[in-house]
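# Chain and residue survey
As a plain string of letters, each chain reads:
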Amino acid sequence: MVTLKRSDLPEFDEVVTDRIIGDDEAKKTVICALRKDKSVFFVVAKEENLTQRDIIKYTSLASGKGWQINSGRPIHADLSLIAQLNVANRKTDGQSNDNQPEPSEVTAMFHYICKNAVEQKASDIFIEHRPEAEGDNLIKMRINGLVETIQSIPSSMAGALVAVSYNAIADDSSKVADHSSFVRTAILNAAINIETEDLTARLRAVYMPAFKNGSDLILRVLPEESSGKPPSLEELGYTGKQSEIINRMAAKTSGVLIFSGIAGSGKSTTIRSLLDSLQRRYSGKRIAMIEDPIEYKNEGINQIPLADIRTKDRDTKQAWAEAVKGLVRANVDIMALGEVRDDVTAGEMVDYILTGHQVLTTLHAPSAIGNVQRLERLGISRDIIAGPDFVSGFVYQRLLPRLCQDCSTPINSESNIGNSLHNRLSKILDFSEAKLRLRHEEGCDHCRKGYTGRVVAAETMLLDNTMREFIKEGKDSKAFNHWRSHGLRGGILGHGTTALEHAQHLMEKGIVSPIDVEAAFGYIDMQNIESDDVIDQAELP
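We now turn to the structure provided with this report.

Moving on, we come to helix α18 (residues 514–521). Along α18, the positions that sit buried rather than exposed are Pro514, Asp516, Val517, Glu518 and Ala520. Of the residues trailing α18, Gly522 is marked for its positive phi of about 90°.

Structural data, given as structure tokens:
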């Protein structure tokens, strides 16, 4: 059994790793020596980390201090516990140092955290360095869309993880030109590649200053998936009607198909799925994708890393524009952009589309119709947006935690879910027909804390001539209502159906929890309230 907490260890008087192991810094990343009275015992990551030759050497060092090595088997613990013990209690010949971890310890800890994140299928890692906080600093991860505190570490280790990850682990070509070294007060971005014997992963890193001389490191985890077919749209959670609409959008030979949502909503994964389908369907077409960084390998698609174009004299904004301009001359049939981030890139994209080409890209937007204002903010006029050949379609998606079907519990009209939620649900469904379920927070052998992954809730918007005219006139609400009328006429789960309605459908089938639907979309009955309705204050929770 692997020991994870300091409280699970036998009692000890002090950590004596430095005095027993000496200058072998590599050993100190996987071994901790603890003394109780005059007996020294070891905590190790793996049993093979402590060889017979080590025992002979350490016995000699211990005897010189009047100690003896415990003959029992070493205790197994994870690397984070070993690092915590060695860093927080480091001493050299009885004289305290500044408790700063060795670079090898920091690298080992960073790799351990990333490996743990990949194994837990986390989408993000958050390392919070708070030098003036009482107690340890925290490492958190986003798993199934929810942020969890995974472990606590000494402040000195947290600070070292933030700085060393940028200075020594991150890819130099991905760093901002004038920030080759970590600066706490700057907002920095970098790409990190990890390739070890037991881990291959890509990470997208953002460094942010925090209160009272602190800093935050946010890591988007992008595990390598170089082999195997990506999930289909239906496997991601799109309905059959939605998949049909998206394929109709993608079949257009010119125009932009935009996948939108908040950060971390799975937009890149959806584009990857669609590109794989297009590559197989149209094998005679040349497809290229510009990314910063490349998140997944797509067989048969020319993937262009922005890091190869960015130089000291060409910043990220200029690099995006240069890459798009280059593809215009590269005889590409379909271009995919990881994201349209600025007006310069947007301008180059417009020129590409208006020459009769097809583009797939992503935007951060609050809804499908919300893409119109986002494009306008990027400097694209409504005359162009409303043009018959400019927009192929808008797709908006959110990710919801998928309930474990083995341990989630049914909800009925008598369930204790609180009066407020019960009242809101009763406005939109019949409890006797819906198969509502709640998460079992402890989980079971088939899940993690009641969840088995995430599922898409989406809306797909094809523009017709009426919608284009409304958009051109700046009447986005009327365009939205016209689109909604299709859903109200029977297009449920297809054209005219909102992402909230899709989420409600998943909820009524017991795939997602009503609590998680409200966490993603707000109160579940809000879509049924017209703008000119008067809400009785007594009904408010």
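Moving on, there is more to tell.
Under the defined criterion, the tally for this structure stands at 24 salt bridges. Between Lys36 and Glu11 there is a salt bridge; the shortest N-O distance is 3.9 Å. Of this pair, Lys36 sits in strand β2 (residues 31–36) while Glu11 sits in the segment before β1 (14–15), and the two are 25 residues apart along the sequence. Relative accessible area serves as the criterion here: at 29%, Lys36 is assigned to the partly exposed category. Given a relative accessible area of 65%, Glu11 falls into the exposed group. Of the charged contacts in the structure, one is a salt bridge between Glu14 and Arg35, with a shortest N-O distance of 3.0 Å. Of this pair, Glu14 sits in strand β1 while Arg35 sits in strand β2, placing them 21 residues apart in sequence. The burial state of Glu14 is the same as that of Arg35; both residues are buried. Each of the salt bridges in this network shares a partner with another, and the network as a whole consists of Glu11, Asp13, Glu14, Arg19, Arg35 and Lys36.

This part covers the packing of aromatic side chains. Tallied over the entire structure, the rule returns 5 aromatic pairs. Ring centres 5.7 Å apart and planes at 40° place the aromatic pair Phe42 and Tyr58 in the tilted group. Linking Phe42 in strand β3 (residues 39–44) with Tyr58 in helix α3 (residues 52–63), this pair joins segments that are 16 residues apart in sequence. We note that Phe42, like Tyr58, is buried. Chaining the aromatic ring pairs together yields one cluster made of Tyr166, Phe182 and Tyr207. Positioned over the ring face of Tyr523 is Arg424, at 3.8 Å from the centre of the ring.

Within the secondary structure, Asn302 is located in strand β16 (residues 302–305). Among the residues examined, Asn302 registers a relative accessible area of 33% and is labelled partly exposed. Along the sequence, Asn302 and Leu463 sit 161 residues apart, while their C-alpha atoms lie 30 Å from each other. Ignoring sequence-local partners within four residues, the contact set of Asn302 consists of Arg286, Ile287, Ala288 and Met289.

Now for the sheet that holds strand β18 (residues 358–363). Strands in a sheet are paired, the pairing made by backbone hydrogen bonds, and the direction either parallel or antiparallel. Spatial ordering of the open sheet is given by β16-β15-β17-β18-β14-β19-β22, a layout of 7 strands whose pairing is mixed. Strands at the two margins of the open sheet, each flanked by one partner only, are β16 and β22 (451–461). Taken over all neighbouring pairs, the strand axes of this sheet differ in orientation by 20° on average, direction set aside. Strand direction decides the pairing type here: strand β15 (residues 287–291) and β16, joined by 4 bridges, are parallel. Following the sheet pairing, Ala288 is matched in β16 by Asn302. Of the strands in this sheet, β14 (255–260), β15, β17 (334–337), β18 and β19 (391–403) are in contact with helix α9 (residues 267–281), which crosses β18 at around 165°. Contacts from helix α12 (residues 370–377) reach β14, β18 and β19 within the one sheet, and its direction differs from that of β19 by about 120°.

Looking now at the side chain of Thr361. Topologically, Thr361 is positioned in strand β18. Looking at Thr361, the relative accessible area reads 0%, which means it is buried.

Moving on to unusual backbone geometry. The phi angle at Asn144 is positive, at roughly 55°, despite the residue not being glycine. Structurally, Asn144 can be placed in the loop between β9 (137–143) and β10 (146–153). In the Ramachandran plot, Lys212 falls in the positive-phi region, its phi being about 55° despite a non-glycine side chain. Structurally, Lys212 can be placed in the loop between β12 (200–210) and β13 (214–223).

On to the nonpolar core. Membership of the largest hydrophobic core comes to 42 residues, with the highest contact counts inside it found for Ile290, Leu337, Met349 and Phe394. Every residue in contact with Met349, bar those within four places of it in the chain, is listed here: Val256, Val324, Leu337, Val340, Val359, Thr361, Ile380 and Phe390. By size, the runner-up hydrophobic cluster in this structure holds 38 residues, among which are Ala83, Tyr112, Ala158 and Leu203.

We now examine helix α11 (residues 343–354). Its 12 residues give α11 an end-to-end C-alpha distance of 16 Å, which sits within 8% of 16 Å, the value for a rise of 1.5 Å per residue. Looking at α11, one finds that the buried residues are Thr345, Ala346, Glu348, Met349, Val350, Tyr352 and Ile353. In this structure, the buried side of α11 is in contact with β14, α10 (316–328), β17, β18 and α13 (382–385). One side-chain oxygen of the residue at the start of α11 lies 3.1 Å from the amide nitrogen of Val344, identifying that residue as Asp342. Just downstream of α11, Gly356 is the residue with a positive phi angle, here 95°.

Reading guide: rules and limits
Residues numbered from 1 in each chain as written. Predicted model: local features only at pLDDT ≥ 70, side-chain atom pairs only at ≥ 80, totals over all residues. Heavy atoms only, no water. Buried < 20%, exposed > 50% of the residue type's maximum accessible area, 1.4 Å probe, protein only. Helix = DSSP H or I, 4+ residues; strand = E, 2+ residues; numbered from the N terminus. Salt bridge = Lys/Arg side-chain N within 4 Å of Asp/Glu carboxyl O. Phe/Tyr/Trp six-rings, centres within 6.5 Å; stacked < 30°, edge-to-face > 60°. Lys NZ or Arg CZ within 6 Å of the ring centre and 35° of its normal. Contact = heavy atoms within 4.5 Å. Pairing = 2+ DSSP bridges. Axes fitted to C-alpha atoms, helices over the stretch in contact; angles between N-to-C directions. Core = buried A, V, L, I, M, F, W, Y, C linked by side-chain atoms within 4.5 Å. Expected span 1.5 Å × (residues − 1). Polar contact = N/O pair within 3.5 Å; in protein donor to acceptor, adjacent residues only side chain to side chain.

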